[in-house]
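# Structure at a glance
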Amino acid sequence: MLAMHCTEECPQTRITDGASLLDTQTANISSCPVMAPAAASSRNKQRQQQRTRSWPLPCLLILILALAAAAADAQLSEDYYDSSCPAAALTIRTAVAAAVLLDRRMGASLLRLHFHDCFVQGCDASVLLDDTANFTGEKGAGPNAGSLRGFEVIDDIKTTLELLCPQTVSCADILAVAARDSVAQLGGPSWTVLLGRRDATTASASLANSDLPGPTSNLNGLLKAFSNKGLDTTDMVALSGAHTVGRAQCKNFRARIYNDTDIDASLAAALRAACPQQAGSNDGYLQPLDASSPDAFDNGYFGELLSQRGLLHSDQALFGGGGGATDGLIRTYASDGDQFGSDFAAAMVKMGNISPLTGTDGEIRVNCRAVN
């Protein structure tokens, strides 16, 4: 929350989010003193001029900030491509449906791509960039190396859109829409995706390593990682529910099945049989994050946590059973799939609006893997 302070005669003004921002700022600006008509005496006129010269700058700054914030918010819109590329939504939806039909895992993979993009310098498709001589991309960062998938699906969508509407639809928007359509294909909720993001011209392996929460994160670490991106506790728990689909590799849950005590004994024993304790041994063995319904987007994941069957340490960290900060939400979502779906959709909208590039910032890539 950004605040501006006038002097004591001009009320404190607070910059807020939402459609009412400009109205609020304009109303507050109207309370700032303005130039009065010429006074009867030169002394009064001089005093009035001295007073008014001290006011315009802070009030003008408020107006500029308000207009800038309102303009940035307006640059993302549901109908952004309605005129410039009306086939964009159908093109993405059709490609995602085909990809998920061929490989049910792909739905979770495309959803994860969007998450891993937004958490590193914003939703700007930086995650799609290959390494160059000028920067090391994010694909090889610890949280991404050997586990991110779906790049070819995004490439195919981009190729088709370039034929239909050259250099119009950004890779960042393709990721956002593909994530929504993937969840819908797996039986989950849908939501309105605001569009108009532009693509980054650089990427950051270091930020990927520092900003993405890892499989060994504890609850405080998760809360902080999400809070740093403007996401609250409900957002964090709801978005963690994306683990109702997808798989994890042995190397990411090895420590949990051999070291953690808050794990169902039968689950740990079964996983140890295929995931040896020695690092480097069968590291790539895959296990569903939600064994109860691995390819259906539902609330089964939360039921697993109630039974101490979370696959990753960071999953089970959400529920300890002792009245922790997120225990109540886990119980709510485990018993109310509709509430989970609603909160998940709302959190995805918020996540999709993390620091987008708009206006003249960034570019519209022709190839999602490389800058123009």
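Residues numbered from 1 in each chain as written. Predicted model: local features only at pLDDT ≥ 70, side-chain atom pairs only at ≥ 80, totals over all residues. Heavy atoms only, no water.

### Comments concerning the packing of aromatic side chains
This model, assessed by the stated rule, comprises 12 aromatic pairs. Judged by centre distance (6.1 Å) and plane angle (40°), the ring pair of Phe115 and Phe226 falls under tilted. With Phe115 in helix 5 (residues 105-118) and Phe226 in helix 9 (residues 219-227), the pair connects residues that are 111 residues apart, well separated along the chain. Classification of Phe115 by relative accessible area gives buried; the value is 18%. For the ring pair Phe340 and Phe344, a centre distance of 5.8 Å and an interplane angle of 55° mean the geometry is tilted. You can see Phe340 and its partner Phe344 sitting in helix 16 (residues 337-352), 4 residues apart, about one turn around the helix. Look at Phe340 and you get buried, because its relative accessible area is 2%. (Phe/Tyr/Trp six-rings, centres within 6.5 Å; stacked < 30°, edge-to-face > 60°. Helix = DSSP H or I, 4+ residues; strand = E, 2+ residues; numbered from the N terminus. Buried < 20%, exposed > 50% of the residue type's maximum accessible area, 1.4 Å probe, protein only.)

### Here we look at the state of the cysteines
By the definition in use, this model includes 4 disulfides. Each sulfur in the disulfide pair Cys85 and Cys165 lies 2.0 Å from the other. Given an S-S torsion of about 70°, the disulfide between Cys85 and Cys165 has right-handed geometry. In this pair, Cys85 is assigned in the loop between helix 3 (56-74) and helix 4 (88-102) and Cys165 in the loop between helix 6 (151-164) and helix 7 (171-185), connecting sequence segments 80 residues apart. Cys165 gets classed as buried once you look at its relative accessible area, which sits at 7%. Across the disulfide from Cys250 sits Cys275; the S-S distance is 1.9 Å. Where Cys250 bonds to Cys275 through sulfur, the torsion about that S-S bond is close to 75°, and the disulfide is right-handed. Of the two residues, Cys250 is situated in helix 11 (residues 250-259) and Cys275 in the loop between helix 12 (265-274) and strand 4 (286-288); the sequence distance between them amounts to 25 residues. Cys275 sits in the buried class, given a relative accessible area of 0%. (Disulfide = S-S within 2.5 Å.)

### Quick look at the pattern of salt bridges
On inspection of all chains with the given rule, the structure shows 16 salt bridges. For Asp103, the salt bridge is made with Arg149, and the minimal N-O distance between the two is 2.8 Å. With Asp103 in the loop between helix 4 and helix 5 and Arg149 in the loop between helix 5 and helix 6, the pair connects residues that are 46 residues apart, well separated along the chain. Take Asp103: its relative accessible area is 22%, and that puts it in the partly exposed class. Where Asp181 meets Arg180, a salt bridge forms, and the shortest distance between an N and an O atom there is 2.7 Å. In this structure, Asp181 and Arg180 share a single accessibility class: buried. (Salt bridge = Lys/Arg side-chain N within 4 Å of Asp/Glu carboxyl O.)

### Let's talk about empty space enclosed by the protein
Considering all chains together, one arrives at 2 cavities of 30 Å³ or more under this definition. Space inside the largest cavity adds up to approximately 80 Å³. As for the largest cavity, its lining consists of His114, Ala176, Trp191, Thr192, Val193, Leu194, Arg197, Met348, Val349, Gly352 and Asn353. Looking at which element gives the most residues to the lining of the largest cavity, the answer is helix 16, with 3 residues. Here the lining of the largest cavity is built from residues that sort into 6 nonpolar, 4 polar and 1 charged. Put simply, the second largest cavity is a space of about 50 Å³. Grouping the constituent residues of the lining of the second largest cavity by class yields 5 nonpolar, 1 polar and 2 charged. (1 Å grid on protein atoms, 1.4 Å probe; cavity = no way out; pocket = protein on both sides within 12 Å on 5 of 7 lines; lining within 4 Å. Points joined across faces, edges and corners; volume = space filled by probe spheres on them. Nonpolar A, V, L, I, M, F, W, Y, C, P; charged D, E, K, R; others polar.)

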